[in-house]
Amino acid sequence: MARTRVRIPAVLALSAALFLTAGCGNDASSTSGEGQDQPRAGKPSVVVTTTWEGAFAKAAGAEDIKVIVPQSVHHAPDYDPKPSDLAAVAKADFVLYAPFEPYAAKIKEAAGSKAKLVEVELDNDPAKVSAEVGRLAGLFGTADAAAQWKTGFDAEYTKLNKDLQAAWPGGSSPSVVTQVFTAWSAKLAGATTVGTYGPEAVTPAQLAELSAKKPSLVLDNAHMSTGTVLPDSGAKQVKIVNYPGDDLELLPVYRNAAAELKKAMGTP
């Protein structure tokens, strides 16, 4: 039976500046070292910084996965990789990280000549997920496993999307304001996005502008919430979780988002 080694989930509240850096400069096609576009033979040992990268690796077909950031750390800049973390990095075949993570530099320094560093674009938009999973499978040499996962993912995503559209109040697409990193959940619901905010807190000018659009829902990023986004607007605020749990499964993220959206739309 496949064995996945997992540390514990990392539910991170990343700083606005770091996320902005990620949004502007995350080149998902970038890896370091030579020959990284060639698949590895056998089952690779993969070290990942968080459960999000871990879930991408598992979807791509990796089985031996170690997560670095522990559950007790809720804010990425607070975490300083331990010597044991860095030792694990040096022994890995692949090391997956997001460039906005503040400890990325230490991870790079720790990787030995064997370890292949792979930048991962963390976004739950289904098209981006499929692209990243496929790219990682190419590196791991696990294309068949990734293709099987994608078939199940596509079927489940389509079902959730149809269920949410059937739950639209009055049969009309709900209007939403969404935090920039939870836009994928608006897409899942088939909602009409009338405005976005973040990652920093909404300014008074933005508050007036977004409230004037009269959204029915506000989709808030649970990992970097700035509190009630549009007070007194009448919009229901929905917390959307981006990070997978310790099982490194992506689909529960979408199921949980769908359940919260249904609840907010008044559907049991």
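Residues numbered from 1 in each chain as written. Predicted model: local features only at pLDDT ≥ 70, side-chain atom pairs only at ≥ 80, totals over all residues. Heavy atoms only, no water.

**Q** Before we move on, could you go through the overall build of the protein chain and cite the residues and values that matter?
**A** Along its length, the protein chain carries nine helices and eight strands. Counting only residues that meet the buried cut, the protein chain has 48% of its 268 residues in that class. Counted over contacts in the protein chain with a minimum sequence separation of 6, partners at least 24 positions apart contribute 63%. Surface exposure of the protein chain reaches about 11,900 Å², of which carbon and sulfur atoms provide 54%. (Helix = DSSP H or I, 4+ residues; strand = E, 2+ residues; numbered from the N terminus. Buried < 20%, exposed > 50% of the residue type's maximum accessible area, 1.4 Å probe, protein only. Contact = heavy atoms within 4.5 Å. Areas by Shrake-Rupley, 256 points an atom, 1.4 Å probe, with all protein chains shown as cover.)

**Q** Before we move on, can you summarise helix H5 (residues 126-140) with the specific residues and values?
**A** Over its 15 residues, H5 extends 21 Å from the first C-alpha to the last, a length consistent with the 21 Å expected when each residue adds 1.5 Å. Within H5, the full set of buried residues consists of Pro-126, Val-129, Ser-130, Glu-132, Val-133, Leu-136, Ala-137, Leu-139 and Phe-140. Between the side-chain oxygen of the N-cap and the backbone nitrogen of Ala-127 there are 3.1 Å, and the N-cap of H5 in question is Asp-125. Following H5 by one or two positions, Gly-141 has its phi on the positive side, about 75°. (Expected span 1.5 Å × (residues − 1). Polar contact = N/O pair within 3.5 Å; in protein donor to acceptor, adjacent residues only side chain to side chain.)

**Q** Just give me the short version of the nonpolar core, but keep the residues and values in it.
**A** The biggest cluster of nonpolar side chains holds 53 residues, and the ones touching the most others in it are Leu-96, Phe-140 and Tyr-254. Sequence-distant contacts of Tyr-254, that is, excluding residues within four places in its chain, are made with Asn-124, Val-129, Phe-153, Tyr-157, Leu-160, Trp-184 and Leu-188. By size, the runner-up hydrophobic cluster in this structure holds 16 residues, among which are Val-47, Val-69, Ala-92 and Leu-117. (Core = buried A, V, L, I, M, F, W, Y, C linked by side-chain atoms within 4.5 Å.)

**Q** Outline the pairing of strand E2 (residues 64-67), supporting the account with residue identities and numerical values.
**A** Sheet topology places strand E1 (residues 45-48) next to E2; four bridges connect them, and they run parallel. Paired with Val-46 across the two strands is Ile-65, which belongs to E2. Crossover E1 to E2 through helix H2 (residues 51-60) is right-handed. (Pairing = 2+ DSSP bridges. Right-handed = clockwise from strand over helix to strand, strands pointing away.)

**Q** Can you lay out helix H9 (residues 251-264) for me, pointing to particular residues and giving the numbers?
**A** In this model, H9 (14 residues) spans 20 Å end to end at C-alpha, consistent with the 20 Å of a helix rising 1.5 Å per residue. Those residues of H9 not exposed but buried are Leu-251, Val-253, Tyr-254, Ala-257, Ala-258, Leu-261 and Ala-264. Burial along H9 is one-sided: seen end-on, the buried residues are contained in an arc of 155°. In this fold, the buried residues of H9 make contact with H5, helix H6 (143-166), helix H7 (183-189), strand E7 (217-221) and strand E8 (236-240). Just downstream of H9, Gly-266 is the residue with a positive phi angle, here 90°. (Arc of directions from axis to C-beta.)

**Q** Kindly report on the environment of Trp-52, identifying the contributing residues and their values.
**A** Looking at the secondary structure, you find Trp-52 in helix H2. Between the alpha carbons of Trp-52 and Asn-124 there is a distance of 9.4 Å; along the sequence they are 72 residues apart. Non-local contacts of Trp-52, meaning those with residues more than four positions away in its chain, are made with Leu-122, Asp-123, Asn-124, Asn-242, Tyr-243, Pro-244 and Leu-250.

**Q** Tell me about the environment of Pro-244, and please be specific about residues and values.
**A** Among the secondary structure elements, Pro-244 is positioned in the loop between E8 and H9. On the basis of relative accessible area, Pro-244 is assigned to the buried category, the value being 2%. As for Pro-244 and Tyr-254, which are separated by 10 residues in sequence, their C-alpha atoms are 9.6 Å apart.

**Q** How would you sum up the sheet that holds E7? Please name residues and give values.
**A** The strands making up a sheet associate through hydrogen bonds between their backbones, and the pairing can be parallel or antiparallel. Here four strands make up an open sheet; going across it, the order is E6-E5-E7-E8 and the pairing parallel. Unpaired on one side and paired on the other, strand E6 (192-197) and E8 mark the two borders of the sheet. Within the sheet, the average angular offset between the axes of one strand and its neighbour, ignoring direction, is 25°. Pairing of strand E5 (residues 175-179) with E7 involves three bridges; the strand directions are parallel. In the sheet register, Val-176 faces E7, and the bridge partner there is Leu-217. Contacts between H9 and the sheet are confined to E7 and E8, with E8 contributing the most and set at about 170° to the helix. (Axes fitted to C-alpha atoms, helices over the stretch in contact; angles between N-to-C directions.)

**Q** Please provide a residue-by-residue account of the side chain of Thr-178, values included.
**A** Here Thr-178 shows up in strand E5. With relative accessibility at 0%, the residue Thr-178 sits in the buried group. Among the polar contacts listed, one links the side chain of Thr-178 to the backbone nitrogen of Ala-183, at a separation of 3.5 Å. Setting aside residues no more than four positions away along its own chain, Thr-178 makes contact with Ala-183, Thr-193, Gly-195, Thr-196, Tyr-197 and Leu-219.

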